[in-house]
Amino acid sequence: MVIHTSQLAQITGGTPFGEGGSVREFAFDSRSLVLGGNIMFVAFKGSAHNGHNYIGALVERGVRYFIVEQGFDIAPYAASNCFFLVVENSLSALQNIAGYCRKMIVGTVASITGSNGKTIVKEWIARLWTNQDKIFFSSPKSYNSQLGVALSIAMAEKEAAVSLFEAGISGVGQMASLQRIISPDVVLFTNIGEAHSQNFASLEAKVEEKLLLAASAKVLITASSNTLICTKAKEVLNNSVRLFTWGWNLVDDVCILSQVQNRGRSAISFKFNNKVYNIEVPFTDNTSLENIMHVIAFYCCVAPCELPGVALRVASLEAVAMRLELRRGRGGSKIISDTYNSDLGSLSIALDYMVSVCDGMPMRVVLSDIFQSGYSPDVLYAKVAEMVRSKGVQEVVAIGEGLISCRALFDGISCLFYNTTDEFLNDLPLMDYSGSVVLLKGSRAFAFERISYQLEEQIHSTVFEVDLGAMASNLDYYRAIVGPKVLTMAMVKASSYGSGAVEVALALEKRHINYLAVAYADEGVELRRAGVITPIVVLNSEPSGYTKMVEYNLEPEIYDFFSLRLFYSESVRLGVAHYPIHIKIDTGMHRLGFEEADIAKLILELKAMSRNVLVRSIFSHLTSADNPSHDEFTLSQISLFDRLSSQILAAFPSVTILRHICNSAAIERFGFAHFDMVRLGIGLYGIGCTEASCSALQPVGALKSVISQIRECAVGESVGYNRQQVLTRNSRIATIPIGYADGLRRSLSCGKWAVEVRGSLAPIVGNICMDACMVDITDISAQIGDSVVIFGLSPTVSRMAMVLGTIPYEILTSIAPRVKRIYFS
Ligand SMILES: *Cc1c(COP(=O)(O)O)cnc(C)c1O
C-alpha cells in the first residue's frame, strides 16, 4: 500500500522533517532492507540492537525515509534530501501504521489465539485452502508477537478474501494493542493452558485478556468443551459477538456425531447446517483431533463453500505434532523429543502423543525441571507425577534440582533422579532403551538434544559437514573488498552449492545479507516456508511458477519479452502493484537475457507496465571473470552492460534501480565493476580464484565417512568389482561406506584419489562401488570407526576437481541428497 509521508505523520502523530514523498514499504532490519526509492526504515531500540545506529550507513546507501525516536540527532542530515518522522515510540508508530493498513483490507480478517495449537491450526487452514481467491497468512512461521503482527499486516494485501493472523501474548495488557492492529472480524480461540501462567493472576484473568482480541469481532469460534472460554465470552464480550462452537452437543454449530479410531486413523462424522459430513484424518491423538476440529469449525464459519473440498483433503495432512519430533532410535526404539521447552500443557500433549504412537511398547519419559509454571514446586510436580502415572509410563528419568527436591511425590513410579543432564549422559551407555518409546521433554537450559543424539539411530555414517562460521568469515572477506556502499546477493541456488538451502540461507540472514538468489521458484518457496524473510530472486523463473512466486514474495529474473509479458499479465490478474522484477541483459554469455537491439522496446513496455511491475535491478553475467586470458572480453562485457543499463536507468529517473554484474571471481578481479551490488557464489563456500583469496578463504564443506571394516589381503589378490586392481604387496584394506551413489565419482577408482585417514593419505583400491569403496591403509595404523576425509581441509575439493577435469561447483552440487548435512557454527 502506498502511503504519503504527510499521511504517516497524521497516523503516527509524529513530527515530520525534510522533503516528503510516497512510501511503499517498511523495513526495520537492515538485513531485509533492499534499497528502493520508496522504502521507509523504522528505527527501534531493542535490548541488543539499536536501529538508530544504522541510519548514517543507510543514508549513504540511498535510503530516504526514516522513522526515528525523539532524542535522535537529525541535524547532521539537514543538508541531505532525507525525510525524518520523529516519534515518541517507534513500535507504537508502526502499530498505528499497521492499524491504518488494516482498514484497507476489504475481505474477512481472522485471528487465532489460545495457549496451544495456534501455529499448527493456522498452517492446516492454509494448506487446505485451494480457492483461487487469495488467503493471506501472517508468515510461514509463528509471527505472533507485537512486532510480528504489525509486520504481517504491513505485508497484507487489500484484496485477500480471508486474511489470518496469529496473536500470541505473554503478559497482561498486550492483547489490547494486538486487537487494535488486527481488529479481527473472526476470532478462533483454540484452548487455554498453563503456559506463561506466571504473568497472570489467574486462569480466568488470562482468558479475559485473550478474549479482548474479539472485542470488535462478529464471531468467536471455539470448542464448547472449553467451558471457561465460553462462559467468560458471554460475560465479557458484548452481545453482538456470536459464539460459534464445535463439540458433541446437538446445540453446537458443528456437532460431532461419531469418532472412530482404527489403525492410526480416525473417521469423524459431523453435522453442520443440517448436513452430515464424513472425514478421515491420519491421526488418533487427542491433540491432533482437537486441532483438526478447530480447522473444520473455521471453514464452516468463514468459508462453508470450501467444505466439500476440505473434507476430502484432510485425509492427506501429516501427523505433525509441531515441536514434537518422532525419530527412529537405536535397537528399534522410538524417540519423541521436545528439547525446546517444558510446561504442563505441552507435557500433557507430549504424553498423549506418546500414548498414540507407543503401539504396546513400554513408555519411558526423560524430564527436566519446569520453569515459570506459576505453581510452587510441590504443586507443580504433584501434577507432573499424576500425569505420568495416569498415562501408564513405565519409567521416569527426572533431571534437575526441583524434581529432586520433590522426589517423594514420585513414590510408586519407577524413577531415576539426576542433578544434571551430564550426569545422566554418563550413565546412558549402561541403559537399555531398545524396544521402547522414549519421550524427551526438557527445558532449553537442559540441552536434551544431546540425549536425543545419543539415542538416535545413526543411519548413515557418511556426512557432509558444513562450517557456517567459516562461511561467515568468507562473507566478511568479500564485504571488505566491496565496501559498505555495495550490497551483496548470496547465491543459494542448487541447495546452496550442495551445502543445504535453508540452513545456509538462515545463517546468511543472520549476517544481514541483502539478497538471496535461487535457481527455481520451488527453492524459494522452501526458504520462505522455513521463515526466511530476506528478498529472494529466482533466476530461472519459469512461467508455470509465477503465481507461486507472487504468493511467496519471490522476485523473478526477466530475460525476454515473452517472460516479461507473461509475468506482467500475472501481476495484473493477481492485482499486485509495483512488483519487483530483475532484468537480465545478455552481454556475451548467450544464455539468457535481452540484447542491445531490444532495449528501446523494453523501456517502452516497462513504462506501460509500471503500475504493476517495477524494475528493481538490471544485471548481466560474465563468462570468464576468473580467467585472465579473457580479460579483454570481460572488459567488453562490463562496458556493454554499463551502456545498456544506463539507458534503462535514464528512462526511469525516479526509481532506484540496482545494477550488478560481478560474480565471486569478478568481485576480486574487477573492483571498478561492483556497481550497486555483487553476486557472491562459490567464494562464499570457500573457493577462491586468486592466490590472495585462496589463502584467505576458509573451506566450508567437508565430505567425511568412517572405516566400517578392515581386512588383511595377500599380494596377488584383487579388490572390488571386475578385479580391476590386483595387490602388488600384502595390504591392509579398509572399507568405507561411501560410493558413487553418494557423489564419489567412479572415475576416481584405482588410486586416482586418496582419502585422509589419521593425517595420512590412503589411496582408493579397485573400483568404487555404488555404496562403498575400499582404501589401502597398509602404512597407517587405523582402526574401525576412524574418521575418513574424502575432501575438506585436505585433500581439497579444488584438487579433486583438477583430477576429474571439472570444477568444484560440479563436485559440490553432486553430493547426493542422502548424505546427511551436519552444521557447525
Ligand atoms: C551462480 C551465479 C553467480 C555466482 O557465480 P560464482 O562464480 O559462484 O560466484 C552469479 N550470477 C549468476 C547469474 C549465477 O547464476
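Above this text you will find the structure in question.
Residues numbered from 1 in each chain as written. Predicted model: local features only at pLDDT ≥ 70, side-chain atom pairs only at ≥ 80, totals over all residues. Heavy atoms only, no water.

Student: Summarise the overall build of the chain; cite the residues concerned and give the values.
Tutor: Each helix and strand in the chain was counted, giving 27 helices and 41 strands. Its C-alpha atoms give the chain a radius of gyration of 30 Å, within 12% of the compact-globule value 28 Å for 825 residues. C-alpha atoms of the chain, sized along the principal axes, occupy 85 × 75 × 55 Å. Out of the 825 residues in the chain, the part that is buried amounts to 55%. Put simply, of all contacts in the chain between residues at least 6 apart along the chain, 65% involve residues at least 24 apart. Here the chain contributes 71 positive and 78 negative side-chain charges, whose respective centroids are spaced 3 Å apart. (Helix = DSSP H or I, 4+ residues; strand = E, 2+ residues; numbered from the N terminus. Rg over C-alpha atoms; globule rule 2.2 N^0.38 Å. Buried < 20%, exposed > 50% of the residue type's maximum accessible area, 1.4 Å probe, protein only. Contact = heavy atoms within 4.5 Å. Lys, Arg positive; Asp, Glu negative; His and termini not counted. Charge placed at Lys NZ, Arg CZ, Asp CG, Glu CD.)

Student: So, the sheet that holds strand β38 (residues 760–765): which residues are in play, and what are the values?
Tutor: With mixed pairing, the 9 strands of this open sheet are ordered in space as β33-β36-β39-β38-β37-β40-β32-β23-β41. Each edge of the sheet is formed by a strand with only one pairing partner; in this case those strands are β33 (709–713) and β41 (820–824). Neighbouring strand axes in the sheet, compared pairwise and without regard to direction, differ in orientation by 35° on average. The pairing of strand β32 (residues 701–706) with strand β40 (residues 787–791) spans 4 bridges and is classified as antiparallel. Its bridge partner being in β40, Leu 703 is matched across the sheet by Phe 791. (Pairing = 2+ DSSP bridges. Axes fitted to C-alpha atoms, helices over the stretch in contact; angles between N-to-C directions.)

Student: So, the site of the ligand: which residues are in play, and what are the values?
Tutor: All residues in the neighbourhood of the ligand are listed as Met 491, Lys 493, Tyr 497, Leu 539, Arg 591, His 621, Asn 663, Ser 664, Arg 679, Gly 681, Ile 682 and Tyr 809. Within the side chain of Ser 664, one N or O atom sits 2.4 Å away from an oxygen atom of the ligand. Protein burial of the ligand: of its 390 Å² of free accessible surface, 93% is covered by the chains. A per-class count over the shell around the ligand returns 5 nonpolar, 4 polar and 3 charged. (Near = heavy atom within 4 Å. Polar contact = N/O pair within 3.5 Å; in protein donor to acceptor, adjacent residues only side chain to side chain. Areas by Shrake-Rupley, 256 points an atom, 1.4 Å probe, with all protein chains shown as cover. Nonpolar A, V, L, I, M, F, W, Y, C, P; charged D, E, K, R; others polar.)

Student: Tell me about helix α7 (residues 203–211), and please be specific about residues and values.
Tutor: Burial in α7 covers these residues: Lys 206, Val 207, Glu 209, Lys 210 and Leu 211. Looking at the buried positions of α7, the neighbouring elements they touch are β8 (108–113), α6 (174–182), β11 (186–189), β12 (219–223) and α8 (227–236).

Student: Can you tell me about the pattern of salt bridges, naming the residues and giving the values?
Tutor: Side chains that differ in charge, positive against negative, can pair when their charged atoms come close. One pass over the structure, following the stated rule, counts 25 salt bridges. Close ionic contact of Asp 642 with Arg 659 constitutes a salt bridge, the shortest N to O distance being 2.9 Å. Remark: Arg 659 occurs in strand β30 (residues 658–660) and Asp 642 occurs in helix α23 (residues 631–651); sequence separation between them is 17 residues. Using a relative accessible area of 13% as the deciding quantity, one classes Arg 659 as buried. (Salt bridge = Lys/Arg side-chain N within 4 Å of Asp/Glu carboxyl O.)

Student: For the packing of aromatic side chains, give the residues involved together with the corresponding values.
Tutor: For the coordinates displayed, the defined rule picks out 23 aromatic pairs. Ring plane angle 50° and centroid distance 5.5 Å describe the contact between Phe 567 and Tyr 579, whose orientation is recorded as tilted. Of this pair, Phe 567 sits in helix α21 (residues 561–574) while Tyr 579 sits in strand β28 (residues 579–584); the two residues are 12 residues apart in sequence, bridging distant segments of the chain. Comparing Phe 567 with Tyr 579, the two get one shared label, buried. Three or more aromatic residues joined by ring pairs make a cluster, and in this case those are Phe 41, Phe 66, Phe 72, Tyr 77 and Phe 84. Directly above the aromatic system of Phe 561 lies the positively charged group of Lys 601, at a separation of 4.4 Å from the ring centroid. (Phe/Tyr/Trp six-rings, centres within 6.5 Å; stacked < 30°, edge-to-face > 60°. Lys NZ or Arg CZ within 6 Å of the ring centre and 35° of its normal.)

Student: With reference to specific residues and values, describe unusual backbone geometry.
Tutor: Of the consecutive residues Ser 794 and Pro 795, the connecting peptide bond is found in the cis state with omega at -5°. In this fold, Pro 795 is placed in the loop between β40 and α26 (797–804). The phi dihedral of Ser 496 falls on the positive side, at around 50°, and the residue is not glycine. Inspection of the secondary structure assignment puts Ser 496 in helix α17 (residues 493–497). We classify Ser 496 as buried; its relative accessible area is 0%. One non-glycine residue with positive phi stands out, namely Tyr 497, at about 50°.

Student: Tell me what's going on with the environment of Ile 67, and back it up with residues and numbers.
Tutor: For Ile 67, the location among the structural elements is in strand β6 (residues 65–69). Ile 67 gets classed as buried once you look at its relative accessible area, which sits at 0%. Not counting chain neighbours up to four residues away, the residues in contact with Ile 67 comprise Met 40, Phe 41, Val 42, Ala 43, Leu 85, Val 87, Ser 90, Ala 93 and Ile 97.

Student: Any details on the environment of Met 354? Residues and values, ideally.
Tutor: Mapped onto the elements, Met 354 comes out in helix α11 (residues 344–358). The exposure class of Met 354 is buried, given its relative accessible area of 0%. In the structure, Met 354 is positioned 10 residues away from Arg 364 in sequence and 9.4 Å away in space, judged by C-alpha atoms. Apart from residues lying up to four places away in sequence, Met 354 is in contact with Ile 336, Met 363, Arg 364, Val 365, Val 393, Val 437 and Leu 439.

Student: Requested: an account of the state of the cysteines, with residues and values cited.
Tutor: Taken as a whole, this structure holds 0 disulfides when the rule is applied. With no disulfide of its own, Cys 230 lies 14 Å from the sulfur of Cys 301, the closest cysteine sulfur. The structure places no disulfide on Cys 694, whose sulfur is separated from the nearest cysteine sulfur, that of Cys 689, by 7.4 Å. (Disulfide = S-S within 2.5 Å.)

Student: Lay out the pairing of strand β7 (residues 83–87) with the relevant residues and their values.
Tutor: Taking burial as the measure, the 5 residues of β7 include 5 buried ones, the bulk of the element. Side chains of β7 alternate between two faces, with Phe 83, Leu 85 and Val 87 and Phe 84 and Val 86 buried alike. With 4 bridges joining them, strand β2 (residues 15–18) and β7 adopt antiparallel strand pairing. Residue Phe 17 lies in a different strand from β7, and its bridge partner there is Phe 84. As paired elements, β6 and β7 share 5 bridges and run parallel to each other. Across the sheet, the residue bridging to Val 68 is Val 86, located in β7.

Student: Mind laying out helix α4 (residues 118–128), listing which residues take part and the relevant values?
Tutor: Of all the 11 residues making up α4, 8 are buried; the element is thus mostly covered by neighbouring parts of the structure. For α4, the full list of buried residues reads Lys 118, Thr 119, Ile 120, Val 121, Lys 122, Trp 124, Ile 125 and Leu 128.

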